[in-house]
Amino acid sequence: MTEPLVSRMRAFGTTIFAEMSALAVQTGSINLGQGFPDTDGPAAMLDRAVQAIVSGANQYPPGPGIPELRQAVSEHRAGHYGLNYAPDGEILVTVGATEAIAASVLALCEAGDEVIAFEPYYDSYAASIALAGARLVAVTMRPVEGRFTFDPDELRAAVTPRTRAILVNSPHNPTGTVFTRAELTAIAELCQEAGLIAITDEVYEHLTFDGVEHIPLATLPGMRERTVMVSSAGKTFSVTGWKTGWICAPAALITAVQTVKQFLTFTASAPWQLAVAYGLRNELEWVSALCDGLRHKRDRLMDGLATAGFEVLRPSGTYFVQTDIRPLGFSDGLELTRRLPELVGVVAIPTQVFYDHPDRGRHFVRFAFCKKDEVIDEAVTRLKRLSA
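Residues numbered from 1 in each chain as written. Predicted model: local features only at pLDDT ≥ 70, side-chain atom pairs only at ≥ 80, totals over all residues. Heavy atoms only, no water.

An unreviewed UniProt entry lists the protein under the name Pyridoxal phosphate-dependent aminotransferase, with Nonomuraea guangzhouensis given as the organism. Per its UniProt entry, the protein bears the Cofactor (unreviewed entry) comment "pyridoxal 5'-phosphate". (UniProt positions renumbered as here; feature names shortened; annotations may be inferred.)

The next thing to look at is the nonpolar core. If you look at the biggest cluster of nonpolar residues, it comprises 64 residues, and the most contacted ones within it are Val228, Ile247, Leu301, Phe310, Phe367 and Leu383. Apart from residues lying up to four places away in sequence, Val228 is in contact with Ser104, Leu108, Ile197, Ala198, Ile199, Thr200, Ile247, Cys248, Ala249 and Leu253. Grouped together as the second largest cluster of nonpolar side chains are 26 residues, Met141, Phe150, Ile166 and Met223 included. (Core = buried A, V, L, I, M, F, W, Y, C linked by side-chain atoms within 4.5 Å. Buried < 20%, exposed > 50% of the residue type's maximum accessible area, 1.4 Å probe, protein only. Contact = heavy atoms within 4.5 Å.)

Once that is clear, we can look at the sheet that holds strand S2 (residues 91-94). Read across the open sheet, the seven strands follow the order S2-S10-S9-S8-S7-S3-S4; overall the sheet is mixed. Each having just a single partner strand, S2 and strand S4 (135-140) make up the two edges of the open sheet. Between one strand axis and the next, the sheet turns by 20° as a mean value, whatever way the strands run. Taken together, the four bridges between S2 and strand S10 (residues 245-248) define a ladder with antiparallel strand orientation. Pairing of Leu92 across the sheet is with Ile247, part of S10. Sitting on the sheet, helix H5 (residues 123-131) is in contact with strand S3 (114-119), S4, strand S7 (163-169) and strand S8 (197-201), with an inclination near 150° to S4. (Pairing = 2+ DSSP bridges. Helix = DSSP H or I, 4+ residues; strand = E, 2+ residues; numbered from the N terminus. Axes fitted to C-alpha atoms, helices over the stretch in contact; angles between N-to-C directions.)

Quick look at a nonpolar patch on the surface now. Residues Val50, Ile53 and Val54 make up a contiguous nonpolar surface patch of roughly 270 Å² in combined accessible area. With respect to the helices, strands and loops of the structure, Val50 is situated in helix H2 (residues 43-54). What makes Val50 partly exposed here is its relative accessible area of 49%. (Patch = residues over 30% accessible without salt bridge, like charges linked within 9 Å, V, L, I, M, F, W, Y side chains within 5 Å. Areas by Shrake-Rupley, 256 points an atom, 1.4 Å probe, with all protein chains shown as cover. Salt bridge = Lys/Arg side-chain N within 4 Å of Asp/Glu carboxyl O.)

This next bit is on the pairing of S10. With burial as the criterion, each face of S10 is covered, one bearing Gly245 and Ile247 and the other bearing Trp246 and Cys248. The sheet contact formed by strand S9 (residues 227-232) and S10 spans four bridges and is antiparallel. Each residue of the ladder has a partner; that of Met229, found in S10, is Cys248.

If you check helix H9 (residues 270-282), its first and last C-alpha atoms are 19 Å apart, about what 13 residues at 1.5 Å a residue would give, namely 18 Å. Within the sequence span of H9, burial applies to Ala270, Pro271, Gln273, Ala275, Val276, Ala277, Tyr278, Gly279 and Leu280. (Expected span 1.5 Å × (residues − 1).)

A separate point is the environment of Ile30. Along the polypeptide, Ile30 turns up in strand S1 (residues 30-31). Given the relative accessible area of 11%, Ile30 is considered buried. When the C-alpha positions of Ile30 and Val375 are compared, they lie 7.3 Å apart, and in sequence the two are 345 residues distant.

Bringing the packing of helix H3 (residues 67-81) against H9 into the picture now. For the pair H3 and H9, interaxial distance at closest approach is 8 Å and the crossing angle is 25°. With respect to each other, H3 and H9 are oriented roughly parallel. Crossing of H3 against H9: the hand is left-handed. On the side of H3, the interface is formed by Glu68, Leu69, Gln71, Ala72, Val73, Glu75 and His76, while H9 contributes Gln273, Leu274, Val276, Ala277, Leu280 and Arg281. (Parallel < 35°, antiparallel > 145°, perpendicular 65-115°, else oblique. Left-handed = near helix turned anticlockwise from the far one by under 90°.)

Turning our attention to the UniProt feature "domain: Aminotransferase class I/classII large" (unreviewed entry) in the protein. Within this structure's numbering, the places UniProt gives as "domain: Aminotransferase class I/classII large" (unreviewed entry) are residues 30-383. Helix makes up 40% of residues 30-383 and strand 18%, with an end-to-end C-alpha separation of 11 Å.

Here the structure, examined in full by the defined rule, presents 14 aromatic pairs. Seen from their ring centres, Phe118 and Phe150 are 4.8 Å apart, and the 40° between their planes marks the pair as tilted. In this pair, Phe118 sits in strand S3 while Phe150 sits in the loop between strand S6 (147-149) and helix H6 (152-157), placing the two residues 32 residues apart along the sequence. For the pair formed by Phe118 and Phe150, the shared burial category is buried. When the centroid spacing of 5.5 Å and the interplanar angle of 80° are considered together, the rings of Phe118 and Phe179 count as edge-to-face. Pair noted here: Phe118 is in strand S3 and Phe179 is in the loop between S7 and helix H7 (181-194), with a separation of 61 residues, a long-range link. Above the ring of Phe320, the side-chain terminus of Arg366 is found at 3.5 Å from the ring centroid. If you follow Lys371 out to its NZ or CZ, it ends over the ring of Phe36, 3.9 Å from the centre. (Phe/Tyr/Trp six-rings, centres within 6.5 Å; stacked < 30°, edge-to-face > 60°. Lys NZ or Arg CZ within 6 Å of the ring centre and 35° of its normal.)

Here the focus is the pairing of S4. For S4, the buried fraction is high: five of the six residues fall into the buried class. Looking at chain direction, S3 and S4 are connected through six bridges and run parallel. Within S4, the position partnered with Glu114 by the bridge is Arg135. Taken together, S3, H5 and S4 form a β-α-β motif whose crossover is right-handed. (Right-handed = clockwise from strand over helix to strand, strands pointing away.)

Right, let's talk about the side chain of His363 for a bit. Counting through the fold element by element, His363 comes out in the loop between strand S14 (349-350) and strand S15 (364-368). Given a relative accessible area of 14%, His363 falls into the buried group. Here Arg326 takes part through its side chain, which lies 3.3 Å from a polar atom of the side chain of His363. (Polar contact = N/O pair within 3.5 Å; in protein donor to acceptor, adjacent residues only side chain to side chain.)

Right, here's the structure in full:
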């Protein structure tokens, strides 16, 4: 029998997250790979979900999302960023940010179109673009003065007559970079000059550190009308399993994305939607405390990794720390992370799998710090054996 999988998806097998998490379970290793917290979100918000279930909110919610959540998202965008989106027509609730991005790419990109993304990039981007029959064009981010950034000239050179959209992830997974206003301005100017749609993945919008500000691309002049703004509750409220996200965009773009989304999942998770609406209105102080705690965890892990012999790059946001493994005598992150469970009982993620050009990221390994302090400390103790 010939290969049943369509050719455009044959490059996508089991994700690195599934592989490494399975390896953690098989070996009993500490999992600093996949980015999910080991503590729950705000108790009152969790109770709202339970109340919604027992009170009968268990049938299909409206396709665009429950009105309470769309209104809460609208209030949140206006209050935090001065962006006004109508709850009816300019906000669409999705099954997490992953579906939001996939539906947006499928709705807005024709076969043969090109989509720019910054590498290293979250792995679902490449798969979504391939599903659409489009082509990903990668612009490489490199460490400069301790943070990953891109060359504006390389970004400009990536645009061709086939370029349809640009995927912008800030705060950026997996590097932890939060794009500056100057970087975002370069992107915005190019979008307007070339007539590009921007799809912005902002799921870590509230998780930035050291006074670094998250600036939505849609707030820049001329960008609201051409930006599909994606976020979700998972990272903000430590409920990654709820898979409740949303898109904010002009009505024409929302209509396009909803046309696709209705044939993917149609709708989902009525109880979670109601609980997230409560969270957006009542639990942002909890989120602020979460962010403070994550900053301490970041510093705890960074200090430990440096002591263990890694070269550590300081992230300004997200759950993740990037490390250079060459000071420890290693050069291939994929090989090392597959051996780490056996060597020291820790799981991490090789950054090279997020590149179109793997050699550019071969010596980087990503560790997640959204874990309990005692888990981080034990992982560091084990990792120190690498330099023993």
